[in-house]
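The residues making up each chain are set out below.
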Amino acid sequence: MPERILVTGGAGFIGSHIVDAFLTAGHEVIVVDNLHTGHRENVNLAARFYELDIRDADGLMRLMLAEKPTAISHQAALADVRGSLREPALYATVNVVGTINILEAARAAGTVRKLLFASTGGAIYGNAEELPATEACPPHPLDPYGSSKLSSEHFIDNYRHNYGLDYCILRYANVYGPRQDPRGEAGVVAIFTGAMLEGRPTVINGDGTQQRDFLYVGDVARANVRAVEQGQGICNLGTGVPTDINTIFRELARLTEYEQPERHGPAKQGEAYAVYLDAGRAGRELDWQATVSLTDGLSRTVDFFAGQQGQ
Ligand code: NAD
C-alpha cells in the first residue's frame with residue numbers, strides 16, 4: 001500500500017537515496033532538512049521539500065499535523081565521530097533532542113504507523129567482544145556520536161512501550177556511494193575518491209589495517225523500503241565482510257589511476273580497530289541482504305564522482 005513518508009535528512013547522502021527509492025516504490029515523500037550538510041539539488045523533484053531544523057519542535061509539530069505522514073524515515077543527524085568529540089552537547093541536541101521532537105510530533109499527529117531510524121553499527125558496538133557483531137552484542141559507544149544514537153534508540157523504544165509507535169531501527173555499517181561528501185571528515189571512500197580524482201595527496205590514518213564493513217548506499221535505501229512494509233526492532237545492515245583501509249585505498253587508486261604513493265599519518269585515537277556486522281536478523285525480519293559487491297560499489301562511486309568533475 002502506498003504510504004505518505006516523511007524523510008528527515010532527505011537532502012543528505014543516504015537520505016536522498018532513500019527518498020528516490022521510496023518514490024520508485026510508489027510512495028509519497030515529504031522531506032525535512034536544514035541543509036546543514038545536505039543539498040537542495042539532492043532532493044528528488046517529486047518529493048515535497050521543507051527547509052526545517054529538527055531542533056524546531058513547534059515547526060515540526062505544525063508540519064506533522066499538516067502533512068499527516070503514515071511513516072517516518074529519520075535520517076537527519078550530525079554524523080561525524082570527530083565532530084562529536086569537539087561538540088558533544090551540540091550532537092546531543094541535534095541527534096537526541098531532535099529525535100524526541102520528531103517522536104513528540106508523530107504522537108501529536110496520530111497518523112504515523114511506523115518509524116525507521118538510521119542508527120549506527122559502526123559506532124554503537126565499540127570494540128565488540130565478538131565479530132561480526134550481532135544486535136545481541138552489548139552496545140558500548142566510544143564517542144558522543146555513538147552515545148547520541150544509542151540514546152535515541154532508547155527514546156524510540158519508550159514511544160513504542162508507552163504509545164504503541166511501531167519502529168525498525170537500522171544500524172548501518174560504513175555506508176559509501178554517490179553523493180557522499182568528499183570534503184567531509186567522515187566517509188573514507190568519498191574522501192579518497194575525491195582526492196585521487198583531483199590528484200591531491202591523501203593520507204591513510206595509522207597503518208591502514210583497521211577493518212570496516214563497507215555497505216553500498218543503494219542497499220541501505222532498499223532496506224528502508226523493506227522496513228516500511230515489514231520488520232520490527234533492531235536490525236544491523238552490513239555485509240559481514242571486513243575490509244581494511246589499505247585495500248580501499250589500493251582498489252580506489254586502481255580505479256582512478258592514481259599514482260601517488262601510499263602515505264600514512266598518525267592513527268586516530270579512540271577508534272575501534274575492527275567493526276563488521278552480522279546482518280542475519282535483517283535477513284529474517286526484512287528479507288534483506290547486501291547485494292552490491294565492494295568492487296562494483298566502488299566502481300559506481302568513482303564513475304559518479306568522475307562524472308561530477310566532468311560537469
Ligand atoms: P549527511 O550529513 O549526508 O546527512 C544528514 C542530513 O541531515 C543532511 O542532509 C543534513 O543537512 C541533515 N541535518 C543535519 N542536522 C539537521 C537538523 N538539525 N535539522 C534538519 N536536518 C539536519 O550524512 P549521511 O551519511 O547521509 O547520514 C544519514 C544518517 O545515517 C545519519 O543519521 C547518520 O548518523 C546515519 N549513519 C550514517 C552512516 C554512514 O556511513 N554514512 C553510518 C551509520 C549511520
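As the structure is a prediction and not an experimental result, all values here were calculated from the model.

Visitor: Where do I start with helix α6 (residues 144–163) in this structure?
Guide: Since there are 3.6 residues in each turn of an α-helix, residues three or four apart along the chain are aligned in direction. The terminal C-alpha atoms of α6 lie 28 Å apart, and with 20 residues this matches the ideal 28 Å at 1.5 Å per residue to within 8%. For α6, every residue scored as buried is listed here: Tyr145, Gly146, Ser148, Lys149, Leu150, Ser152, Glu153, Ile156 and Tyr159. Packing partners of the buried residues in α6 comprise α3 (81–86), α4 (88–109), β5 (114–120), α5 (121–124), β6 (166–172) and β11 (233–237). Backbone geometry just after α6 places Gly164 at a positive phi near 70°.

Visitor: Honestly, the site of the ligand in this entry has me stumped. Any pointers?
Guide: Taken together, 29 residues surround the ligand, and among them Asp33, Thr37, Gln75, Tyr145 and Lys149 come closest. Note that a nitrogen atom of the ligand is positioned 2.9 Å from one of the side-chain N or O atoms of Asp53. Here Gln75 contributes a backbone N or O atom positioned 2.8 Å from an oxygen atom of the ligand. Out of a free accessible area of 830 Å², the ligand has 91% covered by protein chains. Elements supplying a minimum of two residues to the shell around the ligand: α1 (13–24), β5, α6 and β7 (174–176). Element by element, the count of residues in the shell around the ligand is highest for β5, at 3 residues. In the shell around the ligand, the residues fall into 15 nonpolar, 10 polar and 4 charged.

Criteria and thresholds
Residues numbered from 1 in each chain as written. Predicted model: local features only at pLDDT ≥ 70, side-chain atom pairs only at ≥ 80, totals over all residues. Heavy atoms only, no water. Helix = DSSP H or I, 4+ residues; strand = E, 2+ residues; numbered from the N terminus. Expected span 1.5 Å × (residues − 1). Buried < 20%, exposed > 50% of the residue type's maximum accessible area, 1.4 Å probe, protein only. Contact = heavy atoms within 4.5 Å. Near = heavy atom within 4 Å. Polar contact = N/O pair within 3.5 Å; in protein donor to acceptor, adjacent residues only side chain to side chain. Areas by Shrake-Rupley, 256 points an atom, 1.4 Å probe, with all protein chains shown as cover. Nonpolar A, V, L, I, M, F, W, Y, C, P; charged D, E, K, R; others polar.

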